[in-house]
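Fold and geometry: a report
Residues per chain are reported as follows:
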Amino acid sequence: MRKPWIVGVLLTGVLLGACTDPASGPEVMPPTPSVPATTHRQVPVAPVKSAPGVLYLGDSLAMESQNVLGRELRNTLDATYTSAPYSGTTPCDYLEGAKTGSLVPDADKAAALVRSLHPDYVVLQFWGNAWAYTPCMDGITYAADRETYFARYRADVRKLTAQIAAAGGAQRPTIVWVLQGPDLITPERVRAVNALYKAQARSTGDTVADAGKAVSPAGARYTWTQYLPCTDYERAHPDYCTQPGNGRTALHLDTDYLHFCLAPTTSTPRPCPVPSPGILRMAREITRVIGARAPSRSAG
């Protein structure tokens, strides 16, 4: 089994730490060479163990959340857990055989990790980064051409699903697509990305975890907010209820509308080092979804 989490050291000198809205300015990162594209046949889903093996891949939202999700999965489900997020990535970065450069090294491609780890679940969390500098997106951006952006994103999601399925063989893992929270700048983009994930999960018998709903106002799923009312858990744990006097807690820093870590992002991507309510809320929803399919040993 690999280390509990694998931290990719990728992008440098950014305002939002390697994962922002696609209309934002680019970050500079030399690409990793890759090989010609391949496709694979999808195979049936195999039964899972009571204590699941979970692989977590994604962009900077996964980077900052990886330790908290691992803790929740272990404590709640007795899960075996590995994470390999890389900031600034899109689904195409995790594809084997990409025609252009990738921000993910070959050893950490989704299919390679599935072949070596044999997880029951692969959790995929992608905000939808698509700036011109992202090598494997071939210069396609949401701001410049929305139709092409979504067509490419849809194709890459299908390819990634097929590669994960083929790598799993008779032990094909279930893919958990994480639905994203509200986007302050382009709210309709996130709504469309989430719809794409839902459609993909339905078509292949996979599932979604609506972690984004846990960081949205009640009855306003795609309305961005910096603060939400504290939950009972947050009120009982003061580090997670940042404004106990008025009963609300912060999801974002004043200077970062995207990330949920309440410590400033750094030039070296890292797991969030401080208690952050938004991260915990999302991690618990992902854990709940996996637990509903693969109960822990203690639950029988």
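Residues numbered from 1 in each chain as written. Predicted model: local features only at pLDDT ≥ 70, side-chain atom pairs only at ≥ 80, totals over all residues. Heavy atoms only, no water.

**Remarks on the pattern of salt bridges**
For the record, the criterion: We define a salt bridge as a contact between a side-chain nitrogen of Lys or Arg and a carboxyl oxygen of Asp or Glu at a distance within 4 Å. Burial here depends on accessible area, computed with a 1.4 Å probe over protein chains only, as a share of the maximum for the residue type. Under 20% is buried, over 50% is exposed, and the range in between is partly exposed.
In the structure shown here, the tally under the stated rule is 12 salt bridges. The partner of glutamate 72 in a salt bridge is arginine 71, and the shortest N-O contact between them spans 3.4 Å. Residue classification places arginine 71 among the partly exposed residues on the basis of a relative accessible area of 33%. With a closest N to O distance of 3.3 Å, arginine 191 and glutamate 188 form a salt bridge.

**Side note on the packing of aromatic side chains**
Stated formally: Stacked, tilted and edge-to-face are the three classes assigned to paired rings of Phe, Tyr and Trp, where Trp is represented by its six-membered ring and a pair needs centres within 6.5 Å; plane angles under 30 degrees give stacked, over 60 edge-to-face, the rest tilted.
Across all of its chains, the model carries 8 aromatic pairs by this definition. Ring plane angle 85° and centroid distance 5.8 Å describe the contact between tyrosine 142 and phenylalanine 150, whose orientation is recorded as edge-to-face. Across the pair, exposure class does not vary: tyrosine 142 and phenylalanine 150 are buried alike. Aromatic side chains tyrosine 153 and tyrosine 197 sit 6.3 Å apart centroid to centroid with 45° between the ring planes, which places their arrangement in the tilted category.

**Some remarks on the confidence of the model for the chain**
Note the cut-off: Predictor confidence is given residue by residue as pLDDT, running from a minimum of 0 to a maximum of 100. By definition, residues are in contact when any of their heavy atoms lie within 4.5 Å.
Across the chain, the average pLDDT comes to 85, with 81% of residues at or above 70. Note that pLDDT drops below 50 for residues 1–48; the model gives that stretch 145 contacts with residues more than four away or on any other chain.

**Observations concerning the pairing of strand β2 (residues 80–83)**
In plain terms, the rule: A pair of strands is labelled paired if DSSP reports no fewer than 2 bridges between them. By definition, any uninterrupted DSSP run of H or I lasting at least four residues is a helix, any uninterrupted run of E lasting at least two residues is a strand, and each is numbered from the N terminus. Seen with the strands pointing away from the viewer, any crossover whose path from the first strand over the helix to the second strand runs clockwise is right-handed.
Bridge count for strand β1 (residues 53–58) against β2 is 4 bridges, and the pairing is parallel. Bridging from a neighbouring strand, valine 54 pairs with tyrosine 81 of β2. After leaving β1, the chain enters helix α1 (residues 60–77) and then returns to the sheet as β2, a path that is right-handed.

**Looking at the side chain of aspartate 108**
Rules: For this analysis, a polar contact is any N or O atom pair within 3.5 Å, provided that within protein one partner can donate a hydrogen and the other can accept it, and provided that sequence-adjacent residues contribute only side-chain to side-chain pairs.
By the secondary structure assignment, aspartate 108 is in the loop between β2 and α2 (110–117). A polar contact is formed between the side chain of aspartate 108 and the side chain of tyrosine 86, at a distance of 2.5 Å.

**A closer look at the nonpolar core**
Note the threshold: Take the buried residues of types Ala, Val, Leu, Ile, Met, Phe, Trp, Tyr and Cys, join any two whose side-chain atoms come within 4.5 Å, and each joined set is a nonpolar core.
Residues Val54, Leu69, Leu73, Val123, Phe260, Ile286 and Ile290 are the most contacted members of the largest nonpolar core, which totals 37 residues. If one sorts the elements of this core by residue count, helix α6 (residues 277–293) sits on top with 7 residues. When neighbours within four sequence positions are excluded, leucine 73 is seen to be in contact with Val54, Asp78, Ala79, Tyr81, Thr287 and Ile290. Membership of the second largest hydrophobic core comes to 34 residues, among which are Val104, Tyr142, Val193 and Leu196.

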